[in-house]
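# Tertiary structure, described
One letter stands for each residue in the lines below.
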Amino acid sequence: MRQSPVLSLAAVGTVAVALALLAFFAIAVLNVQQLTASWGENLAIVAYLDEVPEEAKLKRWVKEIEAYPEVGSVTFVSRAQAFERFRKRLGDDADLVEGLGVEVLPASLEISLAEDHLSEVTVTGLVERLRRDSRFDDLQYGQGWLEKLEAFLLLLRISGSALGGFLVFAALVIVSNTIKLTLYARQDELEAMAMVGGTSLFIKLPYLIEGTLQGVIGGLTALGLSFLVFELILQESLGSLLLITGIDTIHFLPSTWQLFLIACGGLIGLLGSLFALRKFVRYGSA
Amino acid sequence: MVQFFNVSKAYQRDLNALSDINLKVAKGEFVYLTGPSGAGKSTLLKLLYCAERPTRGQILVNGRNITRFGSSRIPLLRRNLGIVFQDFKLLTRRTVYENVSFPLEVQGRKRFEISKKVYQTLKNVGLEHRLNHYPLQLSGGEQQRVAVARALVVDPLVLLADEPTGNLDPEVTLDIMELFKGANARGTTILMATHDRGLIHQFPRRVITLEAGQIATDDLPLVDGFADSM
Ligand SMILES: Nc1ncnc2c1ncn2[C@@H]1O[C@H](COP(=O)(O)OP(=O)(O)OP(=O)(O)O)[C@@H](O)[C@H]1O
Ligand SMILES: [Mg+2]
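Read on for an overview of the structure. For every chain, the first residue of its written sequence is number 1, and the numbers climb from 1 along that sequence. For this description, chains carry letters from A and ligands carry numbers from 1, given in the order in which they are written. For a predicted model such as this one, the threshold for reporting local features is a pLDDT of at least 70, and the threshold for listing and counting side-chain atom pairs is 80 or more; totals across whole chains, interfaces and linings nevertheless cover every residue. Excluding hydrogens and water, the side-chain values take into account all heavy atoms of the structure.

### So, the sheet that holds strand E8 (residues 189-193) of chain B
Residues and elements named next belong to chain B. Pairing within the open sheet is mixed, and its six strands lie in the order E6-E7-E8-E3-E9-E10. Whereas interior strands pair on both sides, the edge strands pair on one side only; in this sheet they are strand E6 (81-84) and strand E10 (214-219). Recorded for the sheet is a direction-independent mean angle of 15 degrees between the axes of neighbouring strands. Only strands joined by at least two bridges in the DSSP assignment are considered to pair. Starting at the N terminus, helices and strands are each numbered in turn, a helix being any DSSP run of H or I of at least four residues and a strand any DSSP run of E of at least two. As paired elements, strand E7 (residues 158-162) and E8 share five bridges and run parallel to each other. Pairing of Asp 162 across the sheet is with Ala 193, part of E8. Only the contacting stretch of a helix is used when fitting its axis, a line to C-alpha atoms as for every element, and angles between N-to-C directions run 0 to 180 degrees.

### Points about the interface of chain A and chain B
Contact with chain A, which involves 16 residues of that partner, is made by 21 residues of chain B. Regarding the contact of chain A and chain B, the summed buried area is about 1700 Å², with carbon and sulfur atoms giving 64% of it. Each reported salt bridge corresponds to a side-chain nitrogen of Lys or Arg within 4 Å of a carboxyl oxygen of Asp or Glu. Along the contact surface separating chain A from chain B lie two salt bridges. Residue Glu 191 of chain A is joined to Lys 89 of chain B by a salt bridge in which the shortest nitrogen-to-oxygen separation is 2.9 Å. Counting of polar contacts relies on pairs of N or O atoms within 3.5 Å, with two restrictions inside protein: one atom must be capable of donating a hydrogen and the other of accepting it, and residues adjacent in sequence are counted only when both atoms are side-chain atoms. In this structure, the connection of chain A to chain B is made through four residue pairs in polar contact (both at pLDDT 80 or more). It is helix H6 (residues 187-195) of chain A that contributes the most residues to the side of chain A that touches chain B, six residues altogether. Here a residue-residue contact requires only that any non-hydrogen atoms of the pair lie within 4.5 Å. By convention, the term buried area covers the 1.4 Å-probe accessible surface removed from two parts as they join, with the contributions of both added.

### So, the nonpolar core
Counting residues in each nonpolar core, the largest one holds 37 residues, and the members touching the most others are Tyr 32, Leu 122, Met 177, Phe 180 and Met 192 of chain B. If you list the elements that add at least two residues to this core, you get strand E3 (30-34), helix H3 (96-106), helix H4 (111-124), helix H5 (140-152), E7, helix H6 (170-185), E8 and helix H7 (197-202) of chain B. Reported domain spans reflect what an automatic or database domain assignment gives. Among the domains, domain 1 (2-80 + 156-229) and domain 2 (94-155) of chain B are the pair contributing at least three residues each to this core. Every residue in contact with Phe 180 of chain B, bar those within four places of it in the chain, is listed here: Phe 30, Val 84, Val 148, Leu 159, Ala 161, Pro 164, Ile 190 and Met 192 of chain B. Ala 20, Ala 26, Val 175 and Ala 194 of chain A belong to the second largest nonpolar core, which has 35 residues in total. As used here, the term nonpolar core means buried Ala, Val, Leu, Ile, Met, Phe, Trp, Tyr and Cys residues forming a set that is joined through side-chain atoms within 4.5 Å. The classification of residues rests on relative accessible area computed with a 1.4 Å probe and restricted to protein chains. Under 20% of the type maximum is buried, over 50% is exposed, and intermediate values are partly exposed.

### Quick word on the pattern of salt bridges
Throughout the structure, instances matching the rule amount to 10 salt bridges over all chains. Taking the shortest distance from any N to any O, the salt bridge between Arg 93 of chain B and Glu 189 of chain A comes out at 3.4 Å. Taken together, the residues Arg 93 of chain B in the loop between E6 and H3 and Glu 189 of chain A in helix H6 connect one chain to another. Each of Glu 191 of chain A together with Asp 87 and Lys 89 of chain B takes part in salt bridges that share partners, so that together they form one network.

### Focus: the site of ligand 1
Residue and element names in this part refer to chain B. The local shell around ligand 1 holds 13 residues, among which Ser 37, Gly 38, Lys 41, Ser 42 and Thr 43 are the closest. Glu 163 is positioned with one of its side-chain polar atoms (N or O) 3.4 Å from an oxygen atom of ligand 1. Only the protein chains shown count as covering a residue, and every accessible area follows the Shrake-Rupley method with a 1.4 Å probe. The fraction of the free accessible surface of ligand 1 (630 Å²) that becomes covered by protein chains is 61%. Listed by contribution, the elements that provide at least two residues to the shell around ligand 1 are strand E1 (2-12) and helix H1 (41-48). By residue number, the principal contributor to the shell around ligand 1 is H1, which donates three residues. Any residue that is not Ala, Val, Leu, Ile, Met, Phe, Trp, Tyr, Cys, Pro, Asp, Glu, Lys or Arg is counted as polar, Gly included; the first ten are nonpolar and the last four charged. Each residue belonging to the shell around ligand 1 can be placed in one class, and the counts come to four nonpolar, seven polar and two charged. Any residue with a heavy atom positioned within 4 Å of a molecule or strand is treated as near that molecule or strand.

In structure tokens, the structure reads:
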């Protein structure tokens, strides 16, 4: 059963590197995704009102819009409230608005999106609908940034999957080849086993187990490696990057993903050795 | 026990290693396959343990048509056969004991049954004191006796031996022949390929001579002065 240690190390190493890379991308994607969610919470469409209707009518409007499935909540901001906010935001320069009446700012409805409808598509859809409504003078929303963030996420996912997929494939080939090299060295033995009635499963099983084990060890190494890189580098750099955007904690992979990573390693090992064994233990040539 | 019906085998197109072989070996028979190098002796044996497939014709072993056996049934067929190769084909990373027990383990026999049987068989070939040696620590003759033990440990229906004494000195050859005769006496059908005319003379049995892939002669033993009693 014993393989050359260098070969085993190569197999475990490539599985580890491939999966660690996938893990990095997953960490980045998951955290940026978290960003979309938190930004989305603050995402509101502001519908400016031409004229402020009487209270009962206003309540009806609010109810009406809140009934849209993609809408989370609707808040009325009166001219006075808007003015007050504006002044606060100006801070030290508040005297700039001195002498101006509350009527300079329009009243508005702030419409926030429901949690599970945070996407560019629903926002534009909702805006379209509100635009057709003559009651609202002007609409403002964070058009553009969401689109950009989503495009960035997509890019991250695609490049991560492509690179990860390529590396996983490379790992498969390398695992398969290390097992194959071992098998070449054992060819006579495999043949001898087949000659005295060993079924192919009986003969292959130790090699399948060995391959799977290598994969699992590779997966564990990848997990350790990515955790180390996460702790030492990623948390700092990605953290400071995302901090600007209002996210204060960067998360490592959730435990299901960690298990998935290890399982992936095992699967790579199993498939790699299955692939290698396909050519061996045939009953033909003796 | 073994029957060939119009069997031909061509490794390459239009080049028959065996042509139109018809042959019947009854249960309990001891048959020599002889003939010049390249006549097709090994090929005939390989067809019997499904290492090669016939190009034409049908082969029966123990009443079963093995011609179309797939990879799931071949191991089962081989468990009923004992095969002895000229180059032994022992598992070099396993001890003598493990080599001989392997065919029984493959069959899923019980551990205590295996150890009893293996010990007994190794005793029969005179190697019970070499249980824990590795094949490469043994002489050629001893290795061949391990191979014979591995073939006989399963009490095979048919023993196929391809020049089992090819590289061995006359004394060891006699030992091996005694083992074969013993197995034959216990009911195992034996097909043995050999060049050794002297051996055939010394232990006369049915002799099938192949020439260029065809059966040239098929003789029952002459009962003469050299004949071992049948
Ligand atoms: N795997 C193979 N591929 C192609 N031709 C083969 C193969 N095995 C055997 N042959 C050919 O088939 C013929 C019969 O070979 P076989 O090995 O059966 O002869 P043999 O009687 O056992 O000879 P020997 O006494 O030298 O062992 C030979 O002409 C040989 O070249
Ligand atoms: Mg031969």
